[in-house]
Amino acid sequence: MEQPRSRLLSLSAVLLLLLLAPDLAAAFNYADALAKSIIYFEGQRSGKLPPGNRMPWRGDSGLTDGAQHNVILPMLLLVCLSLSVARIVHAGMTDDLYVSGFRQVDLVGGYYDAGDNMKFGLPMAFTTTMLAWSVADFGKYMGSDLPHARAAVRWGADYLLKAATSTPGTLYVQVGDPGQDHKCWERPEDMDTPRAVYSITSSTPGSDVAAETAAALAASAVAFRRADPGYAARLLRAAVVAFELADRHRGSYSEGALSAAVCPFYCSYSGYEDELLWAAAWLHRASGNVSFMAYVRANGAQDGAGNDDYSFSWDDKRIGTKVLLARGVLRRDRRRNVPGLQLYKAHSDSYICSLVPGAAGFQAGQYTPGGLIYREGGSNMQYVTTTTFLLLAYAKYLRSAGATVACGGGEVAPAELVALAKRQVDYILGKNPAGTSFMVGFGDRYPRRLHHRGASLPSVRAHPARIGCDQGFAYLHSAAPDANVLVGAVVGGPDARDGFVDDRDSYGQTEPATYINAPLVGVLAYFAGTAKY
């Protein structure tokens, strides 16, 4: 007969877990935090802003993005080509009109990644993937914010569609020269730095960014499957094209010709294999096409499936892929389970065990004294929000199958994952040693000096005259609070000892980023919809 608690956590472990995971009664207004976390994305938009944009101090920007790549043919040549073009139009081939040597590339739109005016493809695609996963898994808890969350997904997906389909055999992966952009501190509405366009092709591969783009488009197709089936179908077709470019022409985008443009900002340190498996998993979920699951089985070992790993980010997708694939063996109707994926469940369990104090496999030193998950390096909050998302997503999948996490000889119940996730959310929102919210505009105390150009500089409405490249640095180094409130932005956060300095020059702590907020949207939706007020 099994001894009481022999397969559960020890009493001491439970006490430690309770310290890290307090009562599930609502500590904060999670619905308000959810709404603000989505509004933040409206402050990061590039392009022509739609009516009703809820960050009123922002204006249009980057309206010629892509133009630098366009080839302007002499008027005489255009006239000579006109008859050929007319024949193409007459033949009904206008859906993909392409005359060799001339194509208008429109890269207007998308998101600025963080506090600068750059559009980096790898983090933007990951942001879109996580927003879409939030809607797909937790949209039912979003209530009146669901349309706004879908709009946030669409803003990213629309841009990625253009980047993936504007030119056959090409994926546009970046707009802006980071060296020049970072030499200036100016509003996006004023920017006059070079808007250089960077792309990958079969001869200049970038499997990492192409596969992440495929994942983003496929995840977005899942998010829009019921709301807009036609749009979802377009997204899925583009996802397949991006995946084929990634898989057939392998190589990392940060090791080739683009290295100087993308490093050290968003180098693909983990390689590209993790993105290939991640994209295949999303394509299978979006399409149900068994060929993508066959790809996972055939390529999983070489693409990192056998390795335990403990972080999830815009760069490293391995554990996110494993949790997503574990869903395939955790169905309420066991007849719908996908065979051959038990390995991913086992590795997902190992990851969760590493996070739970007292569990077999727990890795000490992952938390600050105040209880926040901590990874070495800057902008720690990105790891907090991705980890918290995976805790809730995995708890959801486990519950659907009546399963638990296996940690050595013990078990961890889904409810304990939820409790641990809630502790992280509450820390972000203000239940921490500093007594401050790390979400801008939430609560009475929050960061007021963001490492963010648009927030720190007077808006174009308040100060219509242009503020030049060098003039802006006076605002960067000022101790004055931000001129504009970037509502909902979550900053990089405290250090390993829970210390936080509200200083614009401390970009590792005060710079927000889209990939910090994106996973948090789903997390906040869950607690907004389930918390006991």
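Residues numbered from 1 in each chain as written. Predicted model: local features only at pLDDT ≥ 70, side-chain atom pairs only at ≥ 80, totals over all residues. Heavy atoms only, no water.

- By the naming in an unreviewed UniProt entry, the protein is Endoglucanase, taken from Miscanthus lutarioriparius.
- Checking UniProt for the protein, the heading Catalytic activity (unreviewed entry) contains the comment "Endohydrolysis of (1->4)-beta-D-glucosidic linkages in cellulose, lichenin and cereal beta-D-glucans."
- The Sequence similarities (unreviewed entry) comment attached to the protein in UniProt states, word for word, "Belongs to the glycosyl hydrolase 9 (cellulase E) family." (UniProt positions renumbered as here; feature names shortened; annotations may be inferred.)

**With respect to the side chain of Asp-426**
Then comes step 1: Structurally, Asp-426 can be placed in helix 15 (residues 414-429).
Then comes step 2: Owing to a relative accessible area of 1%, Asp-426 belongs among the buried residues under this scheme.
Then comes step 3: Contacts of Asp-426, omitting those with residues within four sequence positions, involve Ala-27, Phe-28, Tyr-30 and Lys-431. (Helix = DSSP H or I, 4+ residues; strand = E, 2+ residues; numbered from the N terminus. Buried < 20%, exposed > 50% of the residue type's maximum accessible area, 1.4 Å probe, protein only. Contact = heavy atoms within 4.5 Å.)

**Considering the environment of Tyr-112**
Then comes step 1: Relative to the helices and strands, Tyr-112 is located in the loop between helix 3 (75-90) and strand 1 (119-120).
Then comes step 2: For Tyr-112 and Phe-41, which are 71 residues apart along the polypeptide, the C-alpha to C-alpha distance reads 9.3 Å.
Then comes step 3: A polar atom in the side chain of Tyr-112 sits 2.7 Å from the side chain of Ser-61. (Polar contact = N/O pair within 3.5 Å; in protein donor to acceptor, adjacent residues only side chain to side chain.)

**Description of the state of the cysteines**
Then comes step 1: Here the structure, examined in full by the defined rule, presents 3 disulfides.
Then comes step 2: Through a disulfide, Cys-263 is tied to Cys-267; the S-S separation comes to 2.0 Å. Neither Cys-263 nor Cys-267 differs from the other in exposure class; each is buried.
Then comes step 3: Here Cys-353 pairs with Cys-407 through a disulfide, and the sulfurs are 2.0 Å apart. Between Cys-353 and Cys-407, the S-S torsion sits near -95°, and that sign places the bridge as left-handed. Highlighted residues: Cys-353 in helix 13 (residues 342-355) and Cys-407 in strand 4 (residues 405-407), separated in sequence by 54 residues.
Then comes step 4: A residue is classified by how much of its surface remains accessible, and Cys-353, at 4% relative accessible area, is buried.
Then comes step 5: Here the protein pairs its bonded cysteines, counted in sequence order, in the arrangement 1-6, 2-3, 4-5. (Disulfide = S-S within 2.5 Å.)

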